[in-house]
Amino acid sequence: MLRAALPLLGLPLAGAGATEKPTQEPGSPGEPPPGLALFRWQWHEVEAPYLVALWILVASLAKIVFHLSRKVTSLVPESCLLILLGLALGGIVLAVAKKAEYQLEPGTFFLFLLPPIVLDSGYFMPSRLFFDNLGAILTYAVVGTLWNAFTTGAALWGLQQAGLVAPRVQAGLLDFLLFGSLISAVDPVAVLAVFEEVHVNETLFIIVFGESLLNDAVTVVLYKVCNSFVEMGSANVRATDYLKGVASLFVVSLGGAAVGLVFAFLLALTTRFTKRVRIIEPLLVFLLAYAAYLTAEMASLSAILAVTMCGLGCKKYVEANISHKSRTAVKYTMKTLASCAETVIFMLLGISAVDSSKWAWDSGLVLGTLFFILFFRALGVVLQTWVLNQFRLVPLDKIDQVVMSYGGLRGAVAFALVILLDRTKVPAKDYFVATTIVVVFFTVIVQGLTIKPLVKWLKVKRSEHHKPTLNQELHEHTFDHILAAVEDVVGHHGYHYWRDRWEQFDKKYLSQLLMRRSAYRIRDQIWDVYYRLNIRDAISFVDQGGHVLSSTGLTLPSMPSRNSMAETSVTNLLRESGSGACLDLQVIDTVRSGRDREDAAMHHLLCGGLYKPRRRYKASCSRHFISEDAQERQDKEVFQQNMKRRLESFKSTKHNICFTKSKPRPRKAGHKKKDGVANTEATNGKPPRDLGFHDTAAVILTVESEEEEDSDSSETEKEDDEGIIFVARATSEVLQEGKASVLTAIKMVKLSSKELGTCLEISRTRI
Amino acid sequence: MGSRSSHAAKIPDVDSIRRETGFSQASLLRLYHRFRALDRTGKGYLSRLDLQQIEALAVNPLGDRIIDSFFPDGSLRLDFPGFVRVLAHFRPVDEEEDGNRDPKEPEPLNSRMNKLRFAFQLYDLDRDGKISRHEMLQVLRLMVGVQVTEEQLESIADRTVQEADEDGDGAVSFLEFTKSLEKMNIEQKMSIRILK
């Protein structure tokens, strides 16, 4: 494998030609045998890995140099700079070694460079957004790619018939179709690289990006079919072959997706058992995802689809199963690998362009291709959008269409595919190579450079990078609940209904199988994180000069202004709890201020604590997963609360009171409890985990006695005085209902102990 | 669809409802059938109990409040126009309609403002035009699971009100509420496609 890696890498220094230093010969005749050599040059032995490492090092150093100048990087996307750098390096190598040594080899590309990028995008794909727009994505990916391929191929053939393409380009209709199929696919690497820096709104991004991922199946099928037709010779193609071609489309795409899902299942299952061997968890994730890729590749299925599905499918369970540190490790490693691979790809693209022995120029072909891909893409997008808008809730307007057609970038995949062509079967290969190089360069450089100003000029809706305010978060949940309720009232069984059914299935069977038992319970993490953040807030308070002892209460930092931008406050947690697509390869680091930590704590709390609406849940990149058990528990709780309230409202005279408040429960510090058990719970930080049933019962008694005593106290209390329990007062009738009383008791116990884990222990024993 | 149009005639005041809410004939028909299906005893109107029978609403944290919003001003009966009027808030916003609208006419029920007003009313129970900290806390209690303590809830409520409150009166008025949500795509978040 290392030997194979050799030809790809470059030693972009003047010493390129001299890749091998002559080893010391053991001694020519006539000389005394050399003594013990103090120093030997072992270049041979380290050559291959050294070159690999050096290559990647050069790419990274180049990145550092680029980012030294903010002005340059804000104007020019990194991919452009890398390609230009590659060109320069290629030129140097050519000048020194007199031959082009290093190329983007398709084998390396498909086996080593592409998988990390695809894995990264699949894993961090915001699944909710993806599935919401799945119809549009599939349409563009399948119909769009087919349309592009056929029209471009046919148009080029027409161009040849019209004589604008020189006759030395020996290609028939099938050859042009083959070429059309490989040049028409939107490339995920290029799209990611360019759109990352542009920050268009999420819907637009997910559609273009989803399209670039899913069209892999179509591209693979078209390419293979056309390739085999070309090899068979156009005379031998029979009708059944066409049918087989169509069938293979389904086989390749569905097969690829199935492979991905199988590996996702395996991955989720294995991570369930890694509790004692935490250290291998990140490794498992990468290995199994890579295995999915290789398996699909081996079976000639769509490997990109496999990895995407693997990432999408396993994420929820894996995140629930693996430890916090492993999660971080996985995230960082994936981003690093993907970023590194992307850099190397673009640089190699630049270098490969220099080797003029591999390509031959024909102006007619090149210009024609450029024109046709742009034109047919735009036409295709317009037509498909017109159809799709009949079905979408939020139609895609003209500006979106412009961005979508302009954002159809071609990249390294096309190049790798064209290099793979067999020159004996496709005599026009060299011309195709040249055309592909020009097209790729054009799209990445010209379109990449101009898309930012275009987006600004057209005033495309940008993505909202600022952290969502607490208000927004809370109200979003409210709206979700409202919508779910209205749908129930209307009795509608649409997309959400099926989502709901899937989620029920997931709850009942899948999650139980694939998730660690401890992940079922609501994790203590919320409390842990809140606690840690509180400590950090305290530390930052002190850092800013405050005195903890003398402060009566930490005041909340001033509210974030609504227009604050992302620089200071883009944190992992907030990004994950926000709604933005987390596909940005560059954003890993966090710079947090005190206010942000406080916000982060709030967000964490809300994310973890808010009831999830039944049909919609904010999957996105959230780590805070509420398990199926919790959903049932949540349903029960809500049901109980609602029922109680209704009973109350029958008794109370005012219609509008939702629930009456119970007797205000005093804070831990100052109150004597009647029951010793409750007292110890209140004062202990950590009550024993296995609080038995009798303890629960004891607390119930306490509750009841306290309640009945003060049942005559006024209903509405000012909450500024004391802490108030958020549960309805347990009237005597309600107390007689077994469940309700226990529920109340549970809440009491929870409030008194403030230990989430304990609470759940108790709730598990009872519910 | 001959039989359908004859059904439409069964809906009382169908034209005025259409004008007021903007629903299409087909949607109105569907809603009418649903209304009749919910009205199990055939009274001709819906009571709170009828709506509470919908099981999914019972496990929705805001279920009760939403049911209440169908019965404004404490009334006990919900007739079809009232039913449709509330649901009209959730029609997707049609931008062309918006452009052609006569500015002198009252805003359509599914305008952004009206959607926000609907949501605001869910928070503001005492109808004083402001969401006090107390009301915010109540909503939080409804929506947050039991493992969050009341102190945490209180600080969240504090923070939420403080964020949105601009004039410092400790409560969120409708304008402040709107402002705090100006970045959110209300048209999408509060619309159901089937109700076009």
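Rules of the game
- Residues numbered from 1 in each chain as written.
- Chains lettered and ligands numbered in written order.
- Predicted model: local features only at pLDDT ≥ 70, side-chain atom pairs only at ≥ 80, totals over all residues.
- Heavy atoms only, no water.
- Helix = DSSP H or I, 4+ residues; strand = E, 2+ residues; numbered from the N terminus.
- Buried < 20%, exposed > 50% of the residue type's maximum accessible area, 1.4 Å probe, protein only.
- Contact = heavy atoms within 4.5 Å.
- Areas by Shrake-Rupley, 256 points an atom, 1.4 Å probe, with all protein chains shown as cover.
- UniProt positions renumbered as here; feature names shortened; annotations may be inferred.
- Salt bridge = Lys/Arg side-chain N within 4 Å of Asp/Glu carboxyl O.
- Polar contact = N/O pair within 3.5 Å; in protein donor to acceptor, adjacent residues only side chain to side chain.
- Core = buried A, V, L, I, M, F, W, Y, C linked by side-chain atoms within 4.5 Å.
- Axes fitted to C-alpha atoms, helices over the stretch in contact; angles between N-to-C directions.
- Parallel < 35°, antiparallel > 145°, perpendicular 65-115°, else oblique.
- Nonpolar A, V, L, I, M, F, W, Y, C, P; charged D, E, K, R; others polar.
- pLDDT = per-residue confidence, 0-100.
- Left-handed = near helix turned anticlockwise from the far one by under 90°.
- Patch = residues over 30% accessible without salt bridge, like charges linked within 9 Å, V, L, I, M, F, W, Y side chains within 5 Å.

Another aspect to go through is the overall build of chain A. Along its length, chain A carries 30 helices and zero strands. Split into buried and exposed, the 767 residues of chain A put 57% on the buried side. Relative to all contacts within chain A whose residues are 6 or more apart in sequence, the contacts with residues 24 or more apart total 83%. Accessible surface, chain A as shown: approximately 34300 Å² in total, 63% of it carbon and sulfur.

Let us look at the UniProt feature "domain: EF-hand" (unreviewed entry) in chain B. With numbering aligned to this structure, UniProt lists the feature "domain: EF-hand" (unreviewed entry) at residues 111-146 and 152-187 of chain B. Annotated as residues 152-187 of chain B, this span is 61% helix and 8% strand, and its ends, taken at the C-alpha atoms, are 32 Å apart.

Residues and elements named next belong to chain B. All chains considered together, the criterion is met by 14 salt bridges over all chains. Between Arg-85 and Glu-20 there is a salt bridge, with the nearest N and O atoms lying 2.7 Å from each other. Remark: Glu-20 occurs in helix H2 (residues 14-21) and Arg-85 occurs in helix H7 (residues 80-87); sequence separation between them is 65 residues. On the basis of relative accessible area, Arg-85 is assigned to the partly exposed category, the value being 35%. The partner of Lys-179 in a salt bridge is Glu-166, with the nearest N and O atoms 3.2 Å apart. On the criterion of sequence distance, the pair formed by Lys-179 in helix H12 (residues 174-180) and Glu-166 in the loop between helix H11 (150-164) and strand S2 (171-173) is long-range, its members being 13 residues apart. Note on Glu-166: relative accessible area 45%, which makes it partly exposed. In this structure, a network of salt bridges that share partners links the residues Asp-39, Lys-43 and Asp-50.

A few words on the side chain of Ser302(A). Residue and element names in this part refer to chain A. Residue position: Ser-302 is located in the loop between helix H12 (281-298) and helix H13 (303-321). Within polar-contact distance, the side chain of Ser-302 engages the backbone nitrogen of Leu-305 at 3.3 Å. Beyond its immediate sequence surroundings of up to four residues, Ser-302 is in contact with Asp-216, Ala-217, Val-252, Gly-256 and Ala-296.

On to the environment of Ile66(B). Summarising the element assignment, Ile66(B) is placed in helix H6 (residues 63-70). Note on Ile66(B): relative accessible area 1%, which makes it buried. Each C-alpha atom of the pair Ile66(B) and Ala119(B) lies 9.5 Å from the other, and the pair is 53 residues apart in sequence. Each residue touching Ile66(B), except ones within four places of it in the same chain, is listed here: His481(A), Ile482(A), Ala485(A) and Leu122(B).

Further remarks concern the nonpolar core. In this structure, Phe109(A), Leu114(A) and Phe432(A) are the most contacted members of the largest nonpolar core, which totals 142 residues. It is helix H10 (residues 202-232) of chain A that provides the largest number of residues to this core, a total of 18 residues. Filtering out sequence-adjacent residues up to four positions away, Phe109(A) remains in contact with Leu104(A), Leu114(A), Pro115(A), Ile345(A), Ala412(A), Val413(A) and Ala416(A). Judged by nonpolar contacts, the second largest core, of 65 residues, contains Leu610(A), Phe71(B), Ala119(B) and Ala157(B).

Here we come to the packing of H10(A) against H13(A). Residues and elements named next belong to chain A. One way to put it is that H10 packs onto H13 with a least axis distance of 7 Å and a crossing angle of 140°. By the angle class used here, H10 and H13 are oblique. Contact residues: Leu-213, Leu-214, Asp-216 and Ala-217 in H10; Ala-303, Ile-304, Leu-305 and Thr-308 in H13. Here the residues of the contact of H10 with H13 are counted per class, giving six nonpolar, one polar and one charged.

A separate point is the side chain of His89(B). Residues and elements named next belong to chain B. Note on placement: His-89 falls in the loop between H7 and helix H8 (95-100). Given a relative accessible area of 13%, His-89 falls into the buried group. For His-89, the side chain forms a polar contact with the main-chain oxygen of Val-86, separated by 3.1 Å. Not counting the four nearest positions on each side in its chain, His-89 is found in contact with Leu-109, Asn-110, Asn-114, Lys-115, Phe-118 and Met-190.

Glancing now at the confidence of the model for chain B. With 86% of its residues at a pLDDT of at least 70, chain B reaches an overall mean of 79. Low pLDDT (under 50) marks residues 1-6 of chain B, which in the prediction has one contact with non-local residues, meaning those over four places away or in another chain.

Take unusual backbone geometry next. Residues and elements named next belong to chain A. At His-199, a residue that is not glycine, the phi angle is positive and equals roughly 55°. Tracing the backbone through its elements, the reader meets His-199 in the loop between helix H9 (188-198) and H10. For Ser-300, which is not glycine, the phi dihedral falls at a positive 55°.

Looking now at the environment of Lys425(A). Residue and element names in this part refer to chain A. Secondary-structure assignment places Lys-425 in the loop between helix H17 (412-419) and helix H18 (429-457). Distance from Lys-425 to Met-232, taken between C-alpha atoms, is 9.3 Å for residues 193 residues apart in sequence. Dropping the residues within four chain positions of it, Lys-425 is found in contact with Val-230 and Glu-231.

Here the focus is the packing of helix H4 (residues 78-97) of chain A against helix H14 (residues 324-352) of chain A. All names here are of chain A. Running from N to C, H4 and H14 cross one another at 45°; their axes reach a closest spacing of 6 Å. By the angle between their axes, H4 is oblique relative to H14. Judged by the twist between their axes, the crossing of H4 over H14 is right-handed. For the pair H4 and H14, contact is made by Ser-79, Leu-82, Ile-83, Leu-85, Gly-86, Leu-87, Leu-89 and Gly-90 and by Thr-343, Phe-346, Met-347, Leu-349, Gly-350 and Ile-351, respectively. Across the contact of H4 with H14, the residue classes tally to nine nonpolar, five polar and no charged.

A word on the confidence of the model for chain A. Residues and elements named next belong to chain A. Taken as a whole, chain A shows an average pLDDT of 70; of its residues, 64% reach a score of 70 or greater. Averaged over each element, pLDDT in chain A is lowest for helix H27 (residues 693-709) (36) and highest for H12 (92). In the predicted structure, residues 522-533 sits below a pLDDT of 50 and forms 37 contacts with residues beyond four places in sequence or in another chain. Here residues 551-592 is a poorly scored stretch, pLDDT under 50, and it has 100 contacts once near neighbours within four places are set aside; other chains count.

All names here are of chain A. A surface patch of nonpolar side chains, about 520 Å² in accessible area, is lined by Leu-57, Leu-61, Ile-64, Val-65 and Leu-68. Here Val-65 is to be found in helix H2 (residues 43-68). Judged by its relative accessible area of 54%, Val-65 falls in the exposed class.

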